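# Coordinates in review
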Amino acid sequence: MHRILAKQTLSPNVTRLDVHAPRIAQIRQAGQFVIVHLAENSERIPLTIADSNPETGAVTLVIQAVGKSTNELVALNVGDSIRDVAGPLGHPTEMISSGHALCIGGGVGTAVVHPIAQSLQKNGVRVTSVIGGRSKEWVIFENELKRYGNVVVCTDDGSYGRKGFVTDAAKEILTNEKVDIVYAVGPVPMMRAVANLTRGFGVHTIVSLNPVMIDGTGMCGGCRVSLGNETKFACVDGPEFDGHKVNFDELQDRLGTYREFEQKSLACAAENCRLEKQLSQKS
Amino acid sequence: MSARISTKQRMQITRQAMPEQDAAARAANFLEVNLGLPERLALLEADRCLQCKDPRCMEGCPVGVNIPKFLDLLTAGKIAEAAQSLLCDNALPAVTGRVCPQETQCEAVCVRAARGLPVGVGYLERYVADWAREHRDQLPQIKPQPTGKKVAIVGSGPAGLTAAGELAKLGHDVTIYEALHKAGGVLVYGIPEFRLPKKIVAQEVERLQEAGVKIECNVVIGRTYTIPELQKNFDAIFIANGAGLPVFMNVPGENFKGVYSANEYLTRINLMAAYDFPRSDTPVLQGQRVAVVGGGNVAMDAVRTAKRLGAKEAMIVYRRTHDELPARAEEVHHAEQEGIRFEFLTAPIEVIGNDKRWVTGMKCQKMKLGEADSSGRRRPEVIPGSEFVLDCDTVVVAIGTKSNPLLTATCPELKLNKWGNIVADENGATSLPGVFAGGDIVRGAATVILAMGDGKKAAQAMDKYLATRAK
Ligand SMILES: Cc1cc2nc3c(=O)[nH]c(=O)nc-3n(C[C@H](O)[C@H](O)[C@H](O)COP(=O)(O)OP(=O)(O)OC[C@H]3O[C@@H](n4cnc5c(N)ncnc54)[C@H](O)[C@@H]3O)c2cc1C
Ligand SMILES: Cc1cc2nc3c(=O)[nH]c(=O)nc-3n(C[C@H](O)[C@H](O)[C@H](O)COP(=O)(O)OP(=O)(O)OC[C@H]3O[C@@H](n4cnc5c(N)ncnc54)[C@H](O)[C@@H]3O)c2cc1C
Ligand code: SF4
Ligand code: FES
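This structure is a prediction, so every number in the text was calculated from the model and none was measured.

### Let's talk about the nonpolar core
If you look at the biggest cluster of nonpolar residues, it comprises 56 residues, and the most contacted ones within it are Leu-102, Ile-104 and Leu-209 of chain A together with Met-362 and Val-395 of chain B. In terms of residue count, the dominant contributor to this core is helix α6 (residues 188–201) of chain A (6 residues). Once residues within four sequence positions are removed from consideration, Met-362 of chain B is found in contact with Ala-291, Val-293, Val-317, Pro-348, Glu-350, Val-351, Ile-352, Phe-388, Val-389, Leu-390, Cys-392 and Val-395 of chain B. Counting 47 residues, the second-largest nonpolar core is a separate cluster that includes Ile-153, Leu-161, Leu-196 and Val-448 of chain B.

Here is the structure:
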């Protein structure tokens, strides 16, 4: 059992949970994730380790509530527990040891970019972060990222920072400055757009892929992604890959495999919730 | 041998049939197919054993279970002693009684098979083991002297569980590390409920815990801890992490929605209870026309599972013929009874999808059997121009598994063969002192009983190794 040590709402649907998992807190590296299994009948879902504190044994997870499992997780409170947390899984991020790195985060992906920027800065690399959200209240991790370098904020509606997409800001930086490596984490369309952009500049680009996973140990192959002609298992070979080789169309398509089920699952949870409310009102 | 009954009388008894759930009913549920012999039939079947002086069945058994001995005790009405004798030779008889390929092992060489049918060793093993599960209080509990030696076991499949039991019996302090959230290995994530109820595995795991074995789930060796780290904290290590890496066909279209590895398909359903969606949160596609590629136990489990999930047509696509199917004979027979369709001499060359990238079919080639290869099996050869499209909406690939490099990659000193399997001698000793290995990670995908045999041998060798180490 892994106790929730702290909880904070970061944006309308993004919540930060600090979960007690001392071994993982001690050894995790940037780019690694955990598989979380809330209770007996829950799904096993992958979540990136956004930060950790080896002293308190806390592992920070930043969760966007998109479906049943993530909604259940963000409904937990301090003192509640998660049944299983396995990790740290996946390969640590491919690092550089000098030069200039551009870290691009979209939505909840910004939390995934955080440990990368943290490690880069520790290595002595200059870090520029470009982060984005729909509007002001969706921008997360700005202050944390500022500790590691310059941060450019973009919002789709211009309510905060620059108006426009992260790719617009990234393009300017790539045009005006020497960039040695780009890290991009966010929704698939964003990562695809960044990869297309940096290809023109010839800058090595690493993206963090989020296919559906189960075991996270290479046993099921459900997380397979295509890089050129090669098939890779994201949980053990990744989750970070060369963005210029990833078949984003296939990834996007496979992420839709269970759409019908996901809606049913949410509807069912809502129905249970309604019934429970009715019952509690009656009693 | 008791004089209660003559050899002639024994020879006159015919083999008792295993009572099973009706085929039509069971094709729609996940309850166990075989119901177990009732006492009267079990005793009758046990009386068929001729109590050979030189029992061939024991040679046929990979771990040399003393079969005539436990059968003799059973017929003599000493079932507790029969159970004790069986458990002494085989740590998980309730499992092997259900999943061993008896027809190629003990029963294949039983003298009675020469004229008629062999003794139903598997049925009787199951009978005695099930009795033992229900009557644990009637079996002696051994409380060994603690040795103060610490042993780590990687993986809780049959190899790991067996080794843990043996080492705990010898007084060692045993910790099993398991990557998944539940212990049992393939026995819980792969083999379905209708063949091996999960309760049985859970009971075996509990029994080990009562004997003092610690089980830590959610620990992935190679990630959470490495082998060199375990070496610092333990006196010896047994690696039994199985052969869990699925092999795909490497044909176009394999990443369309609706293509699963058997591991993924079965894990979703068995470990994650996807058959119970939405009460359980993990979904699985419930295909109407499911094509399972392969002919082994894994393929049979997948295809019979698809049928139970409501597939109108659940098919095996296999490139050889019925006679070459590597699955247990009983599984093939049960599959046939349940209405599984078999497409023999057929090999897929492409998965076909629609514009939304959902599977709609599989392009296949017809094959014919040619010359025998080095393994003695006749090699399938393509019949040119025989391509056709098999209609299906789900494809499950069950053509084998390889060793998973996750653990071995973090321990470069461990010697591997060219397939990535750990090299170990007949006692499980690896290239690293104090590190032993067994089961599928050494043999490649094999069987439960071979994994258990490895676990037992390694435990004995580890006990010797630990004795040589100063406190
Ligand atoms: C390596 C990795 C790291 C991730 N890190 C984070 C993170 O730090 N924060 C965060 O909010 N999300 C992260 N995700 C995504 C997160 O796992 C999914 O949002 C979550 O599983 C959705 O579950 P659900 O039941 O709430 O939603 P569902 O309704 O089940 O699904 C919503 C969408 O999430 C995806 N999804 C569903 N099940 C899984 C699964 N088992 N594994 C992966 N994706 C799935 C599908 O695209 C689906 O359309 C990560 C994914 C991966 C693979
Ligand atoms: C669907 C299916 C049906 C089968 N049917 C039969 C049958 O009828 N009869 C028969 O005899 N055999 C059958 N087999 C084969 C048999 O199950 C295997 O040969 C046997 O389970 C191997 O045992 P093992 O202990 O070596 O490994 P496994 O049972 O594979 O167990 C390995 C365990 O180690 C864990 N693990 C892996 N990596 C790590 C790590 N890095 N750290 C920690 N833990 C790890 C895994 O999660 C797993 O729990 C079947 C196999 C499958 C898949
Ligand atoms: S070979 Fe057959 S008859 Fe002989 S002891 Fe074994 S089970 Fe009995
Ligand atoms: S999640 Fe199963 S192999 Fe990657």
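### Considering the pairing of strand β4 (residues 44–53) of chain A
Residues and elements named next belong to chain A. Of all 10 residues in β4, 7 are buried; the element is thus mostly enclosed. As judged from the 5 bridges shared by strand β3 (residues 33–37) and β4, these two strands associate in the antiparallel manner. Of the residues in β4, the one forming a bridge with Ile-35 is Pro-46. Hairpin connection, β3 to β4: the antiparallel pair is bridged by 6 residues. Strand direction decides the pairing type here: β4 and strand β5 (residues 58–64), joined by 4 bridges, are antiparallel. Within β5, the position partnered with Ile-49 by the bridge is Leu-61.

### Topic: the site of ligand 3
The environment of ligand 3 is formed by Cys-49, Leu-50, Cys-52, Pro-55, Cys-57, Pro-68, Cys-110, Val-111 and Val-119 of chain B. Here the residues of the shell around ligand 3 are counted per class, giving 9 nonpolar, no polar and no charged.

### Structural notes on the site of ligand 2
All names here are of chain B. Around ligand 2 there are 33 residues in total, and Val-99, Glu-178, Arg-195, Ile-221 and Asp-440 lie nearest to it. The contact in question runs from an oxygen atom of ligand 2 to an N or O atom on the backbone of Val-186, over 3.1 Å. Here an oxygen atom of ligand 2 and a backbone polar atom of Val-448 are 3.0 Å apart. Coverage of ligand 2 by the protein chains reaches 94% of its 1000 Å² of free accessible surface. Those elements that place two or more of their residues in the shell around ligand 2 are α10 (158–169), α15 (297–308) and α19 (448–468). With 3 residues, the single largest contributor to the shell around ligand 2 is α15. Considered class by class, the residues forming the shell around ligand 2 number 18 nonpolar, 10 polar and 5 charged.

### Observations concerning the pattern of salt bridges
Pairs can form between side chains of opposite charge once their charged atoms are near each other. Summed over the entire model, instances satisfying the criterion amount to 47 salt bridges over all chains. Where Asp-253 of chain A meets Lys-257 of chain B, a salt bridge forms, and the shortest distance between an N and an O atom there is 2.4 Å. A residue pair is termed interchain when its members come from two chains, as with Asp-253 of chain A in helix α8 (residues 248–254) and Lys-257 of chain B in the loop between β5 (245–246) and β6 (259–261). Neither Asp-253 of chain A nor Lys-257 of chain B differs from the other in exposure class; each is buried. Put simply, Asp-130 of chain B and Arg-126 of chain B hold a salt bridge, and the shortest N to O gap is 3.6 Å.

### Regarding unusual backbone geometry
The phi torsion of most residues other than glycine is negative, and most of the peptide bonds are trans. All names here are of chain A. Pro-88 follows Gly-87 through a cis peptide bond whose omega is -5°. By the secondary structure assignment, Pro-88 is in strand β7 (residues 84–89). With omega at 10°, the peptide bond leading from Gly-238 into Pro-239 counts as cis. Within the secondary structure, Pro-239 is located in the loop between α7 (234–237) and β16 (240–242).

### Quick look at the packing of helix α14 (residues 262–269) of chain B against α15 of chain B
Residue and element names in this part refer to chain B. Packing of α14 against α15 brings their axes to within 10 Å, and their N-to-C directions diverge by 50°. Considering their axes alone, α14 and α15 lie oblique with respect to each other. In the packing of α14 onto α15, the handedness of the crossing is left-handed. Where α14 approaches α15, its residues Ala-262, Tyr-265, Leu-266 and Ile-269 are matched on the opposing element by Val-298, Asp-301, Ala-302, Thr-305 and Ala-306. Its residues assigned to classes, the contact of α14 with α15 shows 7 nonpolar, 1 polar and 1 charged.

### Re the domain arrangement of chain A
All names here are of chain A. You can read the domains of chain A as domain 1 (2–89) and domain 2 (100–255). Relative placement of domain 1 and domain 2: their C-alpha centres are 21 Å apart. Listed as interface residues are 20 residues of domain 1 and, on the opposing side, 20 residues of domain 2. Here domain 1 meets domain 2 over a buried area of about 1700 Å², counting both sides, of which 64% is carbon and sulfur. Counting across the domain 1 and domain 2 interface gives 0 salt bridges. Scanning the region where domain 1 abuts domain 2 turns up 5 residue pairs in polar contact (both at pLDDT 80 or more). Where the side of domain 1 that touches domain 2 is concerned, the elements lending two or more residues are β1 (2–11), β2 (14–20), β3, β4 and β5. At 6 residues, β4 tops the list of elements feeding residues into the side of domain 1 that touches domain 2. Broken down by class, the residue content of the side of domain 1 that touches domain 2 amounts to 11 nonpolar, 5 polar and 4 charged.

### Comments concerning the packing of α10 of chain B against α19 of chain B
Helix-helix packing is characterised by the crossing angle of the two axes and by the distance between the axes. Residues and elements named next belong to chain B. Where α10 contacts α19, the axes come no closer than 7 Å and their chain directions differ by 35°. For the crossing formed where α10 meets α19, the hand is right-handed. When α10 is examined against α19, the residues Pro-158, Ala-159, Thr-162, Ala-163, Glu-166 and Leu-167 are found in contact with a partner set consisting of Val-448, Ala-451, Met-452, Gly-455, Lys-456, Ala-459 and Met-462. Partitioned by chemical class, the residues of the contact of α10 with α19 number 9 nonpolar, 2 polar and 2 charged.

### Some words on the sheet that holds strand β8 (residues 313–317) of chain B
Residue and element names in this part refer to chain B. Spatially, the 5 strands line up as an open sheet ordered β6-β14-β7-β8-β9, and their pairing is parallel. In this open sheet, the two edge strands, each paired with only one partner strand, are β6 and β9 (341–343). Averaged over all pairs of adjacent strands, the angle between their axes in this sheet comes to 25°, without regard to strand direction. Pairing between β6 and strand β14 (residues 394–397): 3 bridges, direction parallel. Each bridged residue has a counterpart across the sheet, and for Val-259 the counterpart in β14 is Val-395. Docked against the sheet, α14 engages β6 and β14, running at close to 85° with respect to β6.

### With respect to the packing of aromatic side chains
Across all of its chains, the model carries 10 aromatic pairs over all chains by this definition. Geometrically, the ring pair formed by Phe-342 of chain B and Phe-344 of chain B is stacked, given 5.4 Å between the ring centres and 20° between the ring planes. Here Phe-344 of chain B falls in the partly exposed class, since its relative accessible area comes to 22%. Cluster of aromatic residues (ring-pair linked, three or more members): Tyr-258 and Phe-261 of chain A together with Phe-277 of chain B. Residue placement shows Arg-134 of chain A over the ring face of Trp-138 of chain A; its charged tip is 3.8 Å from the ring centre. The positively charged end of Arg-15 of chain B is found above the aromatic ring belonging to Tyr-123 of chain B, 5.0 Å away from the centroid.

### Details of the domain arrangement of chain B
All names here are of chain B. Segmentation of chain B into domains returns domain 1 (7–138), domain 2 (150–244 + 402–468) and domain 3 (248–399). Averaged C-alpha coordinates put domain 1 and domain 3 at centres separated by 32 Å. Contact with domain 1, which involves 16 residues of that partner, is made by 14 residues of domain 3. Across the interface of domain 1 and domain 3, roughly 1100 Å² is buried in total on both sides, 48% from carbon and sulfur atoms. Together, Arg-26, Ala-27 and Phe-30 form the three largest contributors to the area buried by domain 1 at its contact with domain 3, with a combined 45%. Summed over the shared surface of domain 1 and domain 3, the number is 1 salt bridge. Residue Glu-338 pairs with Arg-26 through a salt bridge whose shortest N-O separation is 2.5 Å. Across the domain 1-domain 3 interface, the total number found is 13 residue pairs in polar contact (both at pLDDT 80 or more).

Cut-offs applied
Residues numbered from 1 in each chain as written. Chains lettered and ligands numbered in written order. Predicted model: local features only at pLDDT ≥ 70, side-chain atom pairs only at ≥ 80, totals over all residues. Heavy atoms only, no water. Core = buried A, V, L, I, M, F, W, Y, C linked by side-chain atoms within 4.5 Å. Buried < 20%, exposed > 50% of the residue type's maximum accessible area, 1.4 Å probe, protein only. Helix = DSSP H or I, 4+ residues; strand = E, 2+ residues; numbered from the N terminus. Contact = heavy atoms within 4.5 Å. Pairing = 2+ DSSP bridges. Near = heavy atom within 4 Å. Nonpolar A, V, L, I, M, F, W, Y, C, P; charged D, E, K, R; others polar. Polar contact = N/O pair within 3.5 Å; in protein donor to acceptor, adjacent residues only side chain to side chain. Areas by Shrake-Rupley, 256 points an atom, 1.4 Å probe, with all protein chains shown as cover. Salt bridge = Lys/Arg side-chain N within 4 Å of Asp/Glu carboxyl O. Axes fitted to C-alpha atoms, helices over the stretch in contact; angles between N-to-C directions. Parallel < 35°, antiparallel > 145°, perpendicular 65-115°, else oblique. Left-handed = near helix turned anticlockwise from the far one by under 90°. Domains from an automatic or database assignment. Buried area = accessible area lost by both parts, 1.4 Å probe. Phe/Tyr/Trp six-rings, centres within 6.5 Å; stacked < 30°, edge-to-face > 60°. Lys NZ or Arg CZ within 6 Å of the ring centre and 35° of its normal.

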